[in-house]
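Structural features, examined
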Amino acid sequence: MNLEMTTHDGVPVAALSGRLDLRGASEFRLQVAAAIAGAADRLVLDLSDVEFIDSSGLGVLAGLHREAERHGTRMAIVVPRGSARQIFALTRTEGFFHLVPTLEDSHAAFGT
């Protein structure tokens, strides 16, 4: 797992690559939670380079989503490609998260 914090058109972006699983989920949660606490009103989780997400990774995403809501931060998730994307369909969580196909689409998700 590799996490890079950047910005895209002034919006904080947490770009993850590799696997979001039990091994790295806690570290990912801590780093993104800090970004949520410091974010103004928007945050993008870019998972487009994630190759695998397990149940612990999905749980971390759900917790971060709730934390973002508590802070008044709108959060969009750039969905992963391939098999990593399937976890959202298999668990029927597409409606829970604000999923977008690309980083550029996240601006439309925020109404900008």
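Preceding this paragraph is the structure being described.
Quantities reported herein were computed from a predicted structural model and do not represent experimental measurements.

Here we take up the overall build of the protein chain. When you go through the protein chain residue by residue, the secondary structure sums to four helices and five strands. When the helices and strands of the protein chain are placed in sequence order, the string is β-β-α-β-α-β-α-β-α. For the protein chain, the C-alpha radius of gyration of 12 Å lies close to 13 Å, the compact-globule estimate for 112 residues. Expressed as lengths along the three principal axes of its C-alpha atoms, the size of the protein chain is roughly 30 × 25 × 25 Å. Out of the 112 residues in the protein chain, the part that is buried amounts to 47%. The contacts of the protein chain with a sequence gap of at least 6 include a subset with a gap of at least 24, amounting to 70%. When the accessible surface of the protein chain is split by element, carbon and sulfur atoms take 49% of a total near 5,800 Å². Charged side chains of the protein chain number 10 positive and 14 negative; the gap between the two group centres comes to 6 Å.

Mapped onto the elements of the fold, Val79 is located in the loop between strand S4 (74-78) and helix H3 (86-90). Taking C-alpha positions, Val79 is 8.9 Å from Asp49, a pair spaced 30 residues apart along the chain. Not counting residues within four places of it along the chain, the set of residues in contact with Val79 comprises Leu47, Ser48, Arg85, Leu99, Val100 and Pro101.

Further remarks concern the nonpolar core. Residues Phe28, Val32, Leu45, Leu47, Ile53, Leu61 and Leu64 are the most contacted members of the largest nonpolar core, which totals 27 residues. Only strand S2 (11-20), helix H1 (22-38), strand S3 (42-53), helix H2 (55-71), S4 and H3 provide two or more residues apiece to this core. With eight residues, the next largest nonpolar core counts Val11, Val44, Val78 and Leu103 among its residues.

With that settled, the discussion passes to unusual backbone geometry. One non-glycine residue with positive phi stands out, namely Asp9, at about 50°. Turning to its location among the elements, Asp9 is positioned in the loop between strand S1 (2-8) and S2. Of the residues examined, Asp9 reaches a relative accessible area of 63% and is grouped as exposed. Backbone geometry places Arg92, a non-glycine residue, at a positive phi of 55°. Relative to the helices and strands, Arg92 resides in the loop between H3 and strand S5 (99-100). For Arg92, a relative accessible area of 74% translates into the label exposed.

Turning next to the packing of H1 against H2. In a packed pair of helices, the relevant descriptors are the angle between the two axes and the axis-to-axis distance. Where H1 contacts H2, the two axes come as close as 9 Å, and the packing angle between them is 10°. With respect to H2, the axis of H1 lies roughly parallel. Contacts from Leu22, Ala25, Phe28, Arg29, Val32, Ala33, Ile36 and Ala37 of H1 reach H2 at Ser56, Val60, Leu61, Leu64, Glu67, Ala68 and His71. Counted by class, the contact of H1 with H2 contains eleven nonpolar, two polar and two charged residues.

Once that is clear, we can look at H1. For H1, built from 17 residues, the straight-helix expectation of 24 Å at 1.5 Å per residue is met to within 8% by its first-to-last C-alpha distance of 25 Å. Of all the positions in H1, only Gly24, Ala25, Phe28, Val32, Ala33, Ala35 and Ile36 are classed as buried. Buried residues in H1 make contact with S1, S2, S3 and H2.

Rules used in this analysis
- Residues numbered from 1 in each chain as written.
- Predicted model: local features only at pLDDT ≥ 70, side-chain atom pairs only at ≥ 80, totals over all residues.
- Heavy atoms only, no water.
- Helix = DSSP H or I, 4+ residues; strand = E, 2+ residues; numbered from the N terminus.
- Rg over C-alpha atoms; globule rule 2.2 N^0.38 Å.
- Buried < 20%, exposed > 50% of the residue type's maximum accessible area, 1.4 Å probe, protein only.
- Contact = heavy atoms within 4.5 Å.
- Areas by Shrake-Rupley, 256 points an atom, 1.4 Å probe, with all protein chains shown as cover.
- Lys, Arg positive; Asp, Glu negative; His and termini not counted.
- Charge placed at Lys NZ, Arg CZ, Asp CG, Glu CD.
- Core = buried A, V, L, I, M, F, W, Y, C linked by side-chain atoms within 4.5 Å.
- Axes fitted to C-alpha atoms, helices over the stretch in contact; angles between N-to-C directions.
- Parallel < 35°, antiparallel > 145°, perpendicular 65-115°, else oblique.
- Nonpolar A, V, L, I, M, F, W, Y, C, P; charged D, E, K, R; others polar.
- Expected span 1.5 Å × (residues − 1).

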